[in-house]
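# Examining the three-dimensional arrangement
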Amino acid sequence: MKNSSLSADRKEAREFQTSSSGLFFKVKKVLYEKKSPFQKIEIIENDFYGRVLFLDGLVQTTERDEFFYHEMLVHPALAIHPRPEKVLIIGGGDGGALREVLKHPVRKAWLVEIDQDVIRACERYFPWLDRALSDRRAELAVADGFDFIQKTTEKFEVIIVDSSDPVGPSAILHAREFYRKLKKILKPDGLIAAQAGSQLLHLREHSQKAAFLRPMFKFARFYSAPVPTYPVGTWCYTLLSDRIDPLAVKKLRLPSGLKYFNAEVFRASFAQPVFFEQALREKG
Ligand code: SAM
């Protein structure tokens, strides 16, 4: 995917998906701009989507539609685990995933974000992050997720990978080695949910992932749902476990206060179109 940024006159922000198509946002106001040691961080105000976070020119979160993504990333795993006590989130510095995890009766949730500047900017402009971090069950670690999982002595019932696209500091979070190490810190009945990219734009990456995830986990399912401001509009996630098959679960534990996710959406999200199923069967 090709990225971009604020235009020179700062009237619009664009995310290019291919060299001939993309998304654009009219910029009402530039709220924040910084080049951190890891990436370029921008937050703008848009009349319809509210505050919009870009990292290296790619849309991460908008106030208006972030619930599509965060609910679909977090609740499928948490709603089907019988007793999720310890939850690890890798990435996710905008705080939406942590906020959703804390809707469940978990004992502790770790947020491991590599970029302190993302945390600072989002605390200021997306108030749900500050609220989530104030929850006594939440713990923030500013660290590389790959280093964190090699050092931690904890084991988790649920691990959520809320990474950016497979470029820059996030590239490692999409690799086989990362999943191999994640598995070691997952409880035997645990589940991993990870964002996996666009159905159409990242088709090759999906076949590569399926090729290493399917032999690694007894159940390696792909599911998808819309995210209006993500490239091409349909987003994919993986749900991995050695004990729990999401397709066989009869009863979901749904917290209150959800806007997108319910049992029907959960079941429907595992239905995949022909071209995607074919790509998953191909060896990447
Ligand atoms: N919903 C998003 C999207 O558009 O795909 C992802 C959101 S979240 C903001 C991704 C976060 O992962 C970023 O804040 C980034 O700094 C963080 N990140 C990237 N690489 C990381 C790593 N190796 N360890 C921990 N966090 C990382």
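Now for a look at the structure at hand. (Residues numbered from 1 in each chain as written. Predicted model: local features only at pLDDT ≥ 70, side-chain atom pairs only at ≥ 80, totals over all residues. Heavy atoms only, no water.)

### Some remarks on helix α3 (residues 116–125)
- All of the buried residues along α3 are Asp117, Val118, Ile119, Ala121, Cys122 and Tyr125.
- Summarising the contacts, the buried residues of α3 are in contact with β3 (29–35), β4 (40–46), β5 (50–55), β8 (108–113), α4 (127–134) and β9 (138–142).
- With a side-chain oxygen positioned 2.9 Å from the backbone nitrogen of Asp117, the residue opening α3 is Asp115. (Buried < 20%, exposed > 50% of the residue type's maximum accessible area, 1.4 Å probe, protein only. Helix = DSSP H or I, 4+ residues; strand = E, 2+ residues; numbered from the N terminus. Contact = heavy atoms within 4.5 Å. Polar contact = N/O pair within 3.5 Å; in protein donor to acceptor, adjacent residues only side chain to side chain.)

### Details of the packing of α3 against α4
- Packing of α3 against α4 leaves a shortest axis separation of 5 Å and a crossing angle of 105°. With respect to their mutual orientation, α3 and α4 come out roughly perpendicular. Counted together, Ile119, Cys122, Glu123 and Tyr125 of α3 and Pro127, Leu129, Asp130 and Leu133 of α4 form the full contact between these two elements. (Axes fitted to C-alpha atoms, helices over the stretch in contact; angles between N-to-C directions. Parallel < 35°, antiparallel > 145°, perpendicular 65-115°, else oblique.)

### Things to note about the site of the ligand
- The ligand sits among 25 residues. The nearest are Gln39, Tyr69, Glu113, Gly145 and Tyr230.
- Between an oxygen atom of the ligand and a main-chain N or O atom of Val59, the distance comes to 3.4 Å.
- Here an oxygen atom of the ligand and a backbone polar atom of Ser163 are 3.4 Å apart.
- Out of a free accessible area of 600 Å², the ligand has 99% covered by protein chains.
- When each cavity is represented as a set of grid points, the ligand is found to reside in the largest pocket.
- Elements supplying a minimum of two residues to the shell around the ligand: β6 (58–62) and β8. (Near = heavy atom within 4 Å. Areas by Shrake-Rupley, 256 points an atom, 1.4 Å probe, with all protein chains shown as cover. 1 Å grid on protein atoms, 1.4 Å probe; cavity = no way out; pocket = protein on both sides within 12 Å on 5 of 7 lines; lining within 4 Å. Sits in = over half its atoms within 2 Å of the grid points.)

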